[in-house]
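Residues per chain are reported as follows:
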Amino acid sequence: MKVLALRRPDACASCGTPIAVGERASWDSVTKTVTCLSCLAPLPAAWSSPEQAEARVTPPALDRGSPGRSVTREAQRRSERHRKLQEERVAADQAWRVQVKTEQPVLGRLRAAVTPKVRVQPAPQHVRAWVAGAPGEQKVGQLLEGVPGIIVLHDRRKPRSRSNIDHIAITPAAVWVIDTKVRAGKRLELRDKGGFLSRDERLIVGGRDETRLVDDMAWQVQAVHDVCADLLGDAVVRGALCFVDATIGLFDRRPWMVKGVVVCWRAVLADLLLRPGPLDERRITEIAGRLATQLPPA
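Conventions used here
Residues numbered from 1 in each chain as written. Predicted model: local features only at pLDDT ≥ 70, side-chain atom pairs only at ≥ 80, totals over all residues. Heavy atoms only, no water. Patch = residues over 30% accessible without salt bridge, like charges linked within 9 Å, V, L, I, M, F, W, Y side chains within 5 Å. Areas by Shrake-Rupley, 256 points an atom, 1.4 Å probe, with all protein chains shown as cover. Salt bridge = Lys/Arg side-chain N within 4 Å of Asp/Glu carboxyl O. Helix = DSSP H or I, 4+ residues; strand = E, 2+ residues; numbered from the N terminus. Core = buried A, V, L, I, M, F, W, Y, C linked by side-chain atoms within 4.5 Å. Buried < 20%, exposed > 50% of the residue type's maximum accessible area, 1.4 Å probe, protein only. Contact = heavy atoms within 4.5 Å. Expected span 1.5 Å × (residues − 1). Axes fitted to C-alpha atoms, helices over the stretch in contact; angles between N-to-C directions. Parallel < 35°, antiparallel > 145°, perpendicular 65-115°, else oblique. Left-handed = near helix turned anticlockwise from the far one by under 90°. Lys, Arg positive; Asp, Glu negative; His and termini not counted. Charge placed at Lys NZ, Arg CZ, Asp CG, Glu CD. Pairing = 2+ DSSP bridges. Nonpolar A, V, L, I, M, F, W, Y, C, P; charged D, E, K, R; others polar. Phe/Tyr/Trp six-rings, centres within 6.5 Å; stacked < 30°, edge-to-face > 60°. Polar contact = N/O pair within 3.5 Å; in protein donor to acceptor, adjacent residues only side chain to side chain.

Considering a nonpolar patch on the surface
- Residues L107, L110 and V114 make up a contiguous nonpolar surface patch of about 310 Å² in total accessible area.
- With respect to the helices, strands and loops of the structure, V114 is situated in helix 4 (residues 107–114).

And the structure:
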């Protein structure tokens, strides 16, 4: 096997991540497959001692999912539905104009002239939100793939539910459930609206109270915990809200903790995942395999 720049697009034989033309990857001339550099990254020194060499296991071929796949699918569905609805409205308007001019040659022409034509309207906000969500998840997914010593699963579906989890990162310190939120140009603020002797922390995004986003993390953390609780040992499952393209205050350089959920942005996300902890390579691989099986790709 040798590392070279690809002359044609391909996908990693280990994790399935797409590799574009010109990106460097490992080429196996025997199996005619490529492997991304993330999958070839050397193990951390803590995992490379002679005593642990025999204990290593080859990570199973996990379906780690693709960042933003379900969001992209839903955005396409909504965009197509909006397009068809607009085309039907325009076609109905044109048919009415032909009909009224045929039935009433004089008055019908006048009615058609004074009646505004139906035109294609831009996509509503709820469609635009889904369209913007996919690139945001992909940006966070790319960042997570570059963090060494962890295994990341993307776009997982909760069984018997239409809900999905954007990313799950199994790290030495914890299993992180990461929810991506795109808020382009919106300012993030942490406000305490409690009284003199109480605290009531609120997450403010663009001037609006969006603490509900923190509350929505509870079911995601619980779903992951239920699957791998017996494998965690001293580690825990933690939730993180990662905002994409939002703005923060000049002195806000560290993540916030709101109701037990970490609120962060891409610039600080990797630091959270690089913290040392009790999970070794074998246990990380075991947890990732359990989660990949029990929480399939959405």
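Remarks on the nonpolar core
- Ranked by size, the top nonpolar core spans 54 residues in total, and within it I168, I170, V175, W176, V224, I287 and L291 carry the most contacts.
- Broken down by element, this core gets its largest block of residues, six residues, from strand 12 (residues 236–244).
- If near-sequence neighbours (up to four positions away) are discounted, I287 is found in contact with I170, V175, C228, L231, L232 and L279.
- Core analysis: the next-biggest nonpolar cluster, separate from the first, contains six residues, L6, C12, A25 and C36 among them.

Brief notes about helix 3 (residues 69–103)
- Helix length check: helix 3 (35 residues) gives 51 Å between terminal C-alpha atoms against 51 Å at 1.5 Å per residue, within 8%.
- Burial in helix 3 covers these residues: S70, V71, E74, A75, H82, Q86, V90, D93, R97 and V100.

Side note on the packing of helix 3 against helix 4
- Look at helix 3 against helix 4: their axes get within 7 Å of each other, and the N-to-C directions meet at 150°. The orientation of helix 3 relative to helix 4 falls into the category roughly antiparallel. The chirality of how helix 3 crosses helix 4 is right-handed. Across from W96, R97, V100 and K101 in helix 3, the residues of helix 4 making contact are G108, R109, R111 and A112.

Quick look at a positive patch on the surface
- Judged by side-chain charge, K101, R109, K117 and R119 come together as a positively charged surface patch.
- Within the fold, R109 resides in helix 4.
- Of the residues examined, R109 reaches a relative accessible area of 54% and is grouped as exposed.

Section: the sheet that holds strand 14 (residues 261–265)
- Overall, mixed pairing links the six strands, which are arranged 6-7-8-12-14-13 in an open sheet. Edge positions in the open sheet fall to strand 6 (151–157) and strand 13 (256–258), since each of these has one partner strand only. Here the strands of the sheet are splayed against their neighbours by 30° on average, with no regard to which way each runs.
- When strand 13 meets strand 14, the two strands line up antiparallel, connected through three bridges.

Examining the packing of helix 7 (residues 217–228) against helix 9 (residues 281–294)
- The geometry of helix 7 relative to helix 9 is characterised by a closest axis approach of 9 Å and an angle of 115° between their N-to-C directions. For the pair helix 7 and helix 9, the crossing hand works out as right-handed. Seen from helix 7, the contacting residues are V224, V227 and C228; seen from helix 9, they are I287, R290, L291 and Q294.
- The residue makeup of the contact of helix 7 with helix 9, split by class, is five nonpolar, one polar and one charged.

Quick notes on the packing of aromatic side chains
- By the definition in use, this model includes one aromatic pair.
- Measuring from centroid to centroid gives 5.6 Å for W256 and W265, while their planes differ by 70°, and the two rings are edge-to-face. In this pair, the class of W256 matches that of W265, namely buried.

Section: the side chain of D166
- Checked against the element boundaries, D166 lands in strand 7 (residues 164–170).
- Although D166 is buried, it forms no salt bridge, and the closest oppositely charged side chain is K181 at an N-O distance of 5.8 Å.
- Among the polar contacts made by the side chain of D166, one reaches the main-chain amide nitrogen of T180 at a distance of 2.8 Å.
- Not counting chain neighbours up to four residues away, the residues in contact with D166 comprise E137, L153, H154, D155, I178, D179 and T180.

A short note on the sheet that holds strand 10 (residues 201–205)
- Read across the sheet, three strands follow the order 9-10-11 without closing on themselves; strand pairing throughout is antiparallel. In this open sheet, the two strands that pair with only one neighbour each are strand 9 (188–192) and strand 11 (208–209).
- Relative to strand 10, strand 9 runs antiparallel, the two being bridged by five bridges. Directly across from L188, in strand 10, lies its bridge partner V205.

Focus on the pairing of strand 8 (residues 174–182)
- Among the nine residues in strand 8, eight count as buried, and that is most of the element.
- Bridging between strand 7 and strand 8 involves four bridges; their strand directions are antiparallel. When the sheet's bridge partners are listed, H167 is paired in strand 8 with I178.
- Where strand 7 folds back onto strand 8 in an antiparallel hairpin, the turn is made up of three residues.
- Where strand 8 lies against strand 12, nine bridges are found, and the strand directions are parallel. By the bridge assignment, I178 is partnered in strand 12 with A240.

What is shown is where atoms sit, not what they do.
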